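# Examining the three-dimensional arrangement
The chain contents come next:
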Amino acid sequence: MEELDKVKNQIREFVEVCNHKKSLDLLNNLATGKMLRSKLILKIAGVTPESINLCAIVEMIHAASLLHDDVIDEANIRRGKPSVNALYDNKTSIMFGDILYSRAFTELTLMDKKVAYTISNSVTQLSIGEMLDVDLAETFNTSYDKYLDMIYKKTGSLIEAAAKAAAILAGLDENKYALYGRNLGVAFQMIDDILDITQDSQTLGKPAMSDFAEGKVTIPYLLLHERLENKTKLESLYKKELNTDEILWIKEQMNITKALEDSISQAREIGNIGINAVRNEKDSETLVFIMKAMIEREF
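We now turn to the structure provided with this report. In this text, all values refer to a predicted model and were calculated from it rather than measured experimentally.

Criteria and cut-off values
Residues numbered from 1 in each chain as written. Predicted model: local features only at pLDDT ≥ 70, side-chain atom pairs only at ≥ 80, totals over all residues. Heavy atoms only, no water. Helix = DSSP H or I, 4+ residues; strand = E, 2+ residues; numbered from the N terminus. Buried < 20%, exposed > 50% of the residue type's maximum accessible area, 1.4 Å probe, protein only. Contact = heavy atoms within 4.5 Å. Lys, Arg positive; Asp, Glu negative; His and termini not counted. Charge placed at Lys NZ, Arg CZ, Asp CG, Glu CD. Expected span 1.5 Å × (residues − 1). Arc of directions from axis to C-beta. Disulfide = S-S within 2.5 Å. Polar contact = N/O pair within 3.5 Å; in protein donor to acceptor, adjacent residues only side chain to side chain. Phe/Tyr/Trp six-rings, centres within 6.5 Å; stacked < 30°, edge-to-face > 60°. Lys NZ or Arg CZ within 6 Å of the ring centre and 35° of its normal.

This part covers the overall build of the protein chain. The helix and strand inventory of the protein chain stands at 16 helices and two strands. In the protein chain, buried positions account for 52% of the 299 residues. Sequence separation of at least 24 residues holds for 73% of the intrachain contacts in the protein chain that already meet a minimum separation of 6. Considering the protein chain, the positive charge centre built from 36 side chains and the negative charge centre built from 46 side chains are found 2 Å apart.

Given below as structure tokens:
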């Protein structure tokens, strides 16, 4: 997609300003994902120099958060490629994340004040979400509300801000687009959490069934725990390297209790609320397609 190439080129230009060769080398080692946030911004605001800059800023913030995440999670794979902390070390990954954050915020100061506030405020929420994620991994979390609050802050807040900021640039109803973005982010994360169980490592580009071992009690595990008569067995497998029999038991129980099926239904329900928020807005068909593609995806 030509527009996304423009975003990638803009990111490179923003990093080149640093006049630091290692930063450019590190940028080359970053695995490019779906660029969901850029697709969203460009669909809402159109392709303009300002919207391309906004995309680049948001993608740099997102990339920085992932660099920090990989260190926190001790992850060696990101999108099927070795992560920066695996290729270099944790210190390099953290510092490069800081460079991307600071360059993004520097460029953000040159944008519309309301846009700048919307994005920067969401990064505070994102950072709190990351801390909540770490805190929730200390013990077996059984609170659906805590899980939902964490995934909104960690994933939904930046996508919500991207959609809202794009609407501000385009002079559209920012509240409707913010709701769409918020729900897209939450539904997207829920599906990510479900795919950790249903897909294999090769498809995911990371080890399968790793969330539970890392201490993440995601939506399928929450529903499963709620519905199991023998909750102790599931709790005993928490933060454990699972063997084949244990993985099979979890998957069987997910199907028997319909925990997986109902998790997918909840993600769809949240997605549909987002769709309804923008249904009568300009070019809403593409936003409906983006939401459905994120919910129905298999990777």
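From this point, things continue past the structure.
We now examine helix H16 (residues 284-296). Taking 1.5 Å per residue, 13 residues should reach 18 Å; H16 reaches 18 Å between its end C-alpha atoms and fits that length. Within the span of H16, buried status applies to Ser-284, Leu-287, Val-288, Ile-290, Met-291, Met-294 and Ile-295. Each buried residue of H16 sits inside an arc of 160° when the element is viewed along its axis, so together they form one side. Looking at H16, the residues exposed on the side facing more than 90 degrees away from the buried face are Glu-285 and Phe-289.

Counted under the stated rule, the structure contains zero disulfides. Looking at Cys-18, it has no disulfide partner, and the nearest cysteine sulfur is the one in Cys-55, 20 Å off. Since its relative accessible area comes to 30%, Cys-18 is described here as partly exposed. Look at Cys-55 and you get buried, because its relative accessible area is 0%.

The next subject is the side chain of Arg-103. Mapped onto the elements, Arg-103 comes out in helix H6 (residues 90-108). Contact partners of Arg-103, with chain neighbours within four places excluded, come to Phe-14, Val-17, Cys-18 and Met-60.

On to the side chain of Arg-297. If you trace the backbone, Arg-297 turns up in the segment after H16. You can call Arg-297 buried: its relative accessible area is 9%. Within the local environment of Arg-297, its side chain forms a polar contact with the side chain of Asp-192, the two groups lying 3.1 Å apart. A polar contact is formed between the side chain of Arg-297 and the backbone oxygen of Met-294, at a distance of 2.7 Å. Apart from the residues lying within four places of it in its own chain, the contact partners of Arg-297 are Lys-34, Phe-188, Ile-191, Asp-192 and Leu-195.

A word on the packing of aromatic side chains. On inspection of all chains with the given rule, the structure shows four aromatic pairs. On the numbers, 6.0 Å between centres and 85° between planes, the contact of Phe-140 with Phe-212 is edge-to-face. With Phe-140 in the loop between helix H7 (113-136) and helix H8 (144-170) and Phe-212 in helix H11 (residues 210-213), the pair connects residues that are 72 residues apart, well separated along the chain. When sorted by exposure, Phe-140 lands in the same class as Phe-212, which is buried. Between Phe-212 and Tyr-221 the ring centres are 4.2 Å apart and the planes differ by 5°, which places this aromatic pair in the stacked class. As far as the burial class goes, Phe-212 and Tyr-221 line up, both buried. Among the aromatic residues, those joined into a cluster by ring pairs are Phe-140, Phe-212, Tyr-221 and Tyr-238. Positioned above the aromatic ring of Phe-188 is the side chain of Arg-297, whose terminal nitrogen or guanidinium carbon lies 4.1 Å from the ring centre.

What is shown is where atoms sit, not what they do.
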